[in-house]
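# A structural walkthrough
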Protein chains: 2
Amino acid sequence: MSDDRNKPIFKIRIVFGPHEMMGPGKAELLERIDSCGSIAAAGREMDMSYKRAWELIGTLNAMFKAPLVERTRGGPGGGGAFLTDLGREVLSLYRALEEDAAAGSAKRMQALCTLLSDIPGEK
Amino acid sequence: MSDDRNKPIFKIRIVFGPHEMMGPGKAELLERIDSCGSIAAAGREMDMSYKRAWELIGTLNAMFKAPLVERTRGGPGGGGAFLTDLGREVLSLYRALEEDAAAGSAKRMQALCTLLSDIPGEK
DNA sequence: TTTAGATATGTTTTTGAAAACATATCCAGA
DNA sequence: TCTGGATATGTTTTCAAAAACATATCTAAA
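The structure presented is a predicted model; accordingly, all values stated were derived computationally and were not measured.

### What about the packing of helix α1 (residues 24-36) of chain A against helix α4 (residues 85-104) of chain A?
Residue and element names in this part refer to chain A. Two elements in contact, α1 and α4, have axes whose closest approach is 10 Å; the angle formed by their N-to-C orientations is 130°. Considering the angle they form, α1 stands oblique to α4. Where α1 crosses over α4, the handedness of that crossing is left-handed. Taken together, the residues of α4 that come into contact with α1 (itself represented by Pro-24, Ala-27, Glu-28, Leu-30, Glu-31 and Asp-34) are Arg-88, Leu-91, Tyr-94 and Arg-95. A per-class count over the contact of α1 with α4 returns five nonpolar, no polar and five charged.

### Overview of the pairing of strand β4 (residues 79-83) of chain A
All names here are of chain A. The pairing of strand β3 (residues 69-73) with β4 spans five bridges and is classified as antiparallel. For Arg-71, the partnering residue across the bridge sits in β4 and is Ala-81. The hairpin turn running from β3 into β4, its antiparallel successor, is five residues long, and Gly-74 in that turn takes a positive phi close to 65°.

### Regarding the protein's contact with DNA strand D
Around DNA strand D, the structure places 22 residues, and the nearest of them are Ile-39, Tyr-50, Lys-51 and Arg-71 of chain A together with Arg-73 of chain B. A share of 67% is what sugar and phosphate atoms reach among the atoms of DNA strand D within 4 Å of the protein. Between Arg-73 of chain A and DNA strand D, the recorded distance is 3.1 Å, taken from a side-chain N or O atom to a base oxygen. Where the surface near DNA strand D is concerned, the elements lending two or more residues are α2 (39-45), α3 (50-63), β3 and β4 of chain A together with α3 (50-63) of chain B. Partitioned by chemical class, the residues of the surface near DNA strand D number six nonpolar, ten polar and six charged.

Calculation criteria
- Residues numbered from 1 in each chain as written.
- Chains lettered and ligands numbered in written order.
- Predicted model: local features only at pLDDT ≥ 70, side-chain atom pairs only at ≥ 80, totals over all residues.
- Heavy atoms only, no water.
- Axes fitted to C-alpha atoms, helices over the stretch in contact; angles between N-to-C directions.
- Helix = DSSP H or I, 4+ residues; strand = E, 2+ residues; numbered from the N terminus.
- Parallel < 35°, antiparallel > 145°, perpendicular 65-115°, else oblique.
- Left-handed = near helix turned anticlockwise from the far one by under 90°.
- Contact = heavy atoms within 4.5 Å.
- Nonpolar A, V, L, I, M, F, W, Y, C, P; charged D, E, K, R; others polar.
- Pairing = 2+ DSSP bridges.
- Near = heavy atom within 4 Å.
- Polar contact = N/O pair within 3.5 Å; in protein donor to acceptor, adjacent residues only side chain to side chain.

Given below as structure tokens:
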């Protein structure tokens, strides 16, 4: 019997400084901006207000050596946003880091799950 | 010149289910209960209200096969709390998992830090 | 039998982050 | 030159999580 229930989700947040951090939210936002071509559309997909998405991008752009996202205003379609090379690099690095971390701790994760209550989600 | 500034902090949160998760906060709480011998004292050390600490312990006790923390009431000192064997096991497993994850992703972490802005904390 | 210091909970208040709302601005193309 | 759809921000409102406050309860030991 395959026991695929209870697959735990591994969330990583990297805190670089008091106001500089990166976690699952910003990563997903970058990803969606890459595929959508706009901050507004990415935000909509994530059920996030444009303003919030815009703010997150602002902090991301400020915390790295150069902007991860560049934007254009006006024109056909009204404008848009796209990842810079650095943006793509940071994103893929973060994703790879996630995988490495998960792989490195898989054994322990399995052991932890063993100790969980049998009746999960039973709140 | 040692460049120990900007040592990033790696935070891991494991989400087992919709209402079942464990992260740095619960881990530290377990640790301090172990060393303090009481929920109240542990909470004080963490600047956390007794009520909140007590609630966190409640959810922890509920999500594993057996309680991680047991408590006594009354008596000299008024009572106290201590980790069960399972509690100690979960805690050390979580700590080990953290280390494994950090070790597994250290290379990528280093690479990420390289891309950070030079002027950190400059908000 | 009183006390001390902890556990155990209910109730009210704060507050800080996110949402919601509101505009202003930009500009290629029709 | 008007328009559409996006960026860019300021302002107000909501709301849920945490804090704060308030008690009640337990019990070994003095």
